[in-house]
There are 2 protein chains.
Amino acid sequence: MRFATLRDGTPDGRLVTVSADGTRFATAPVATMQALMEDWDAHFPTLLAIDDYPHALAEHVVAAPLPRAWQWLDASAYPAHGALMDEVTGVKKPPVDFPLMYQGASDRFYAATDAIPFPSEDLGIDFEGEFGVIVDAVPMGISADAAMAHIRLVVQINDWSLRSLAAPEMKTGFGWVWAKPHCSMAPFAVTPDALGADWQDGRVCLDLQVDWNGERFGKANGRPMAYGFHELVARAARTRDLVAGTIIGSGTVSNENFRETGSSCIAERRGIEIVDQGAAVTQFMRFGDTVRMAGVDAAGRHPFGVIDQQVVSSQHYRP
Amino acid sequence: MRFATLRDGTPDGRLVTVSADGTRFATAPVATMQALMEDWDAHFPTLLAIDDYPHALAEHVVAAPLPRAWQWLDASAYPAHGALMDEVTGVKKPPVDFPLMYQGASDRFYAATDAIPFPSEDLGIDFEGEFGVIVDAVPMGISADAAMAHIRLVVQINDWSLRSLAAPEMKTGFGWVWAKPHCSMAPFAVTPDALGADWQDGRVCLDLQVDWNGERFGKANGRPMAYGFHELVARAARTRDLVAGTIIGSGTVSNENFRETGSSCIAERRGIEIVDQGAAVTQFMRFGDTVRMAGVDAAGRHPFGVIDQQVVSSQHYRP
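From a predicted model like this one, the values you see are computed outputs, not experimental measurements.

Visitor: So what exactly am I meant to see when it comes to the relation of the copies chain A and chain B here?
Guide: The operation relating the pair of chain copies consists of a rotation about an axis and a translation along that axis. With an RMSD of 0.0 Å, the fit of chain A onto chain B corresponds to turning through 180 degrees and sliding 0.0 Å along the axis. Overall, the copies show the geometry of a two-fold rotation axis. In terms of C-alpha distance to the rotation axis, chain A has G175(A) as its closest residue, with the C-alpha 1.9 Å off the axis. Both copies present the same face, since 100% of the interface residues in chain A are matched by interface residues at the equivalent positions in chain B.

Here is the structure:
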């Protein structure tokens, strides 16, 4: 089953269910995604019974599936990416036996087609393609096995990053604030079962196609997470209850053979260049650049729809 | 002017205005603190006109002034505390010319008298007494001067910390997640002008009385922040719009003469012991321990009311 949120002038938008081909929708009997996550079991049977999608879905009216959330925790679950980044940034992390995670801005998630404003091209503007999950209420101290049942929806995210700020912020020990502005979300949130065999061990086993200014930049597969999403959820809940509607991200999708698959962020490609050629040659994004991201299955379908957006100057931008 | 939020069975509670002596309230014409922050200028004149407080205020019905927020950013603005912590934890931070800040859990703020559940005494349970501000919507890139006008309310916070997890998390560069569970807030949010001469240069110039298990532990003054709250707000907004209702914290209140004033967290006292005696002797909190925190003015009044709460085991706790 697949959901979207339509812009209706309110901060949370209007929840709809979407046809399997992503072209039509039905208004959901529960008004918002947040309300659905707060009482999934009560609402889901009614939603599941919907088999008529009377309205055509227009791309420009689609918001992020959860346009704002009470909590956003983003992990770094792909070891190929983490190891390369440590090597080239010179950030020395002690080895840890748990998934790394930071708390990010959750008060706004951009829609898949929104223009994204930044104050300066000097900040090292980068995209980060990743997958994520939305959970219902999760109690503190839950096990990874029990956490699996709390994963209600799967989403696709562009975790915008400002690389000039990232390494200095890491070195403070306080983590990222300014290097991690608001993220974008692909149009559709889907139930894990709707991914079929592409949802395995709490992992999204789809290729993530990433195109920068119309050219293929990466096509890494989501499978090789060191920890499944259920393990990320359990870790997130180690010392806190997770509020319904918490979003947990995978971190940049990355494969060991990233020289063949390409990358899901510019920083990784620059890291490969540093290792292979001694210096980064690929520059970060400029105002006017576009990025397109789409998980793709074996039949060429995009279960989450497509993120396709342009970076603009905040000086000349009015939302 | 002074506000509180009463528990009414909803997550956001019911906004009320409170008499100057903190004993009586009037129901506000705007239902929630969040709604007030989203349209302060429209609501405030009506609120200011209230001069009759018909109801007696009972402590147990008071929630946090903002029981959940879309964003919580906590700084570390007291240099005496920061320098000592760096020295004793061995975390080597490069010098920075901006205030340090991390993004914390904002989906729940405990009330001043709530019992606080933690999974284990081994986590290094600590309180952190601090002040904070609540802003209305702040645009990205604002100046510190312009940010001052967005500071609508001042609050007092207990930023619960789990010290056994804190230093290891800092060393990952991802910042704190598990070391920083939900915070508590004192009963009243007050307008800066209601603090009179105790609000100067964007700083709360009150002593913060901290009592642990009934004994005075600290009485540091809020004045010596290296950056005023307006500067913290401007820094927070460097690469993002701040959503209305964003809370910005000062970090642990601390003075250069902390050997005389005492401390606002156990970690600082332990740091002093390490420096002076070679080893920390004060232990962290145990289940059943209490902490009381209250900003106090020259007349002995507590503008934010009093935080007074007990730490309990999450194994035996049902909210």
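Visitor: I'm lost on the packing of aromatic side chains in this one. Help?
Guide: The way to describe two aromatic rings as a pair is by their centre distance and the angle between their planes. Counted according to the given criterion, the structure contains 27 aromatic pairs over all chains. Here F118(B) and W160(B) contribute two aromatic rings whose centre-to-centre distance is 5.6 Å and whose plane-to-plane angle is 65 degrees, an arrangement assigned as edge-to-face. Pair noted here: F118(B) is in strand β9 (residues 116–118) and W160(B) is in the loop between β12 (151–158) and β13 (161–162), with a separation of 42 residues, a long-range link. Accessibility assignment for this pair places F118(B) and W160(B) in one class, buried. Feature note: the residues F3(A), W40(A) and F44(A) constitute an aromatic cluster, connected by ring pairs. The ring centre of W176(A) lies 5.3 Å from the NZ or CZ of K180(A), which sits over that ring.

Visitor: When you look at the sheet that holds strand β18 (residues 207–212) of chain B in this model, what are you seeing that I'm missing?
Guide: Whether parallel or antiparallel, the strands of a sheet pair through hydrogen bonds between backbone atoms. Residues and elements named next belong to chain B. The strand order across the open sheet built from five strands is β9-β22-β21-β18-β19, with neighbouring strands paired in mixed fashion. Among the strands making up the open sheet, the edge pair consists of β9 and β19 (215–221). On average, each strand axis in the sheet is tilted by 20 degrees relative to the strand beside it, whichever way the strands run.

Visitor: Is there a simple way to think about the packing of helix α3 (residues 79–89) of chain B against helix α8 (residues 266–277) of chain B in this case?
Guide: Two quantities define a packed helix pair, namely the angle between the axes and the distance from one axis to the other. All names here are of chain B. Viewed as axis vectors pointing N to C, α3 and α8 meet at an angle of 60 degrees, and their least axial separation amounts to 9 Å. Accordingly, the angle class assigned to the pair α3 and α8 is oblique. At the point where α3 passes α8, the crossing takes the left-handed sense. In contact with H81, L84, M85, E87 and V88 of α3, α8 contributes A267, E268, G271, I272, I274 and V275. Per-class residue counts for the contact of α3 with α8 are seven nonpolar, two polar and two charged.

Visitor: Before we go on, may I ask you to explain the pairing of strand β22 (residues 307–313) of chain A in this structure?
Guide: If a strand is regular, its side chains alternate between the two faces of the sheet. All names here are of chain A. Judged by how many residues are buried, β22 sits mostly within the fold: five of seven residues are covered. Here strand β9 (residues 116–118) pairs with β22 via three bridges, running parallel. By the bridge assignment for β22, P117 is matched with V312. Two strands pair when backbone bridges link them, and strand β21 (residues 290–296) and β22 are joined in this way by four bridges, in the antiparallel orientation.

Visitor: Help me out: how do you make sense of the sheet that holds β9(A) in this one?
Guide: Residue and element names in this part refer to chain A. Spatially, the five strands line up as an open sheet ordered β9-β22-β21-β18-β19, and their pairing is mixed. Taken across any chain shown, the strands that pair with only one partner, and hence form the sheet edges, are β9 and β19 (215–221). When strand polarity is set aside, the average angle formed by the axes of neighbouring strands in this sheet is 20 degrees.

Visitor: What exactly am I supposed to notice about the UniProt feature "domain: Fumarylacetoacetase-like C-terminal" (unreviewed entry) in chain A here?
Guide: Here, the residues flagged by UniProt with the feature "domain: Fumarylacetoacetase-like C-terminal" (unreviewed entry) are residues 74–295 of chain A. Strand forms 27% of residues 74–295 of chain A and helix 22%; the C-alpha atoms that close the span are 18 Å apart.

Visitor: It is not clear to me how the pattern of salt bridges should be interpreted in this structure. Could you clarify?
Guide: Where charged atoms of side chains with opposite charge meet at close range, the side chains can pair. Counted by the stated rule, this structure contains 30 salt bridges over all chains. Between E128(B) and R163(B) there is a salt bridge, with the nearest N and O atoms lying 2.8 Å from each other. One end of the pair, E128(B), is in the loop between β10 (125–126) and β11 (129–135); the other, R163(B), is in helix α5 (residues 163–172), with 35 residues separating them in the sequence. Each member of the pair, E128(B) as well as R163(B), carries the same accessibility label: buried. Taken together, the shared-partner salt bridges in this structure form one network comprising D126(A), E128(A), D159(A), R163(A) and K180(A).

Calculation criteria
- Residues numbered from 1 in each chain as written.
- Chains lettered and ligands numbered in written order.
- Predicted model: local features only at pLDDT ≥ 70, side-chain atom pairs only at ≥ 80, totals over all residues.
- Heavy atoms only, no water.
- Least-squares fit on C-alpha atoms with pLDDT ≥ 70 in both.
- Contact = heavy atoms within 4.5 Å.
- Phe/Tyr/Trp six-rings, centres within 6.5 Å; stacked < 30°, edge-to-face > 60°.
- Helix = DSSP H or I, 4+ residues; strand = E, 2+ residues; numbered from the N terminus.
- Buried < 20%, exposed > 50% of the residue type's maximum accessible area, 1.4 Å probe, protein only.
- Lys NZ or Arg CZ within 6 Å of the ring centre and 35° of its normal.
- Pairing = 2+ DSSP bridges.
- Axes fitted to C-alpha atoms, helices over the stretch in contact; angles between N-to-C directions.
- Parallel < 35°, antiparallel > 145°, perpendicular 65-115°, else oblique.
- Left-handed = near helix turned anticlockwise from the far one by under 90°.
- Nonpolar A, V, L, I, M, F, W, Y, C, P; charged D, E, K, R; others polar.
- UniProt positions renumbered as here; feature names shortened; annotations may be inferred.
- Salt bridge = Lys/Arg side-chain N within 4 Å of Asp/Glu carboxyl O.

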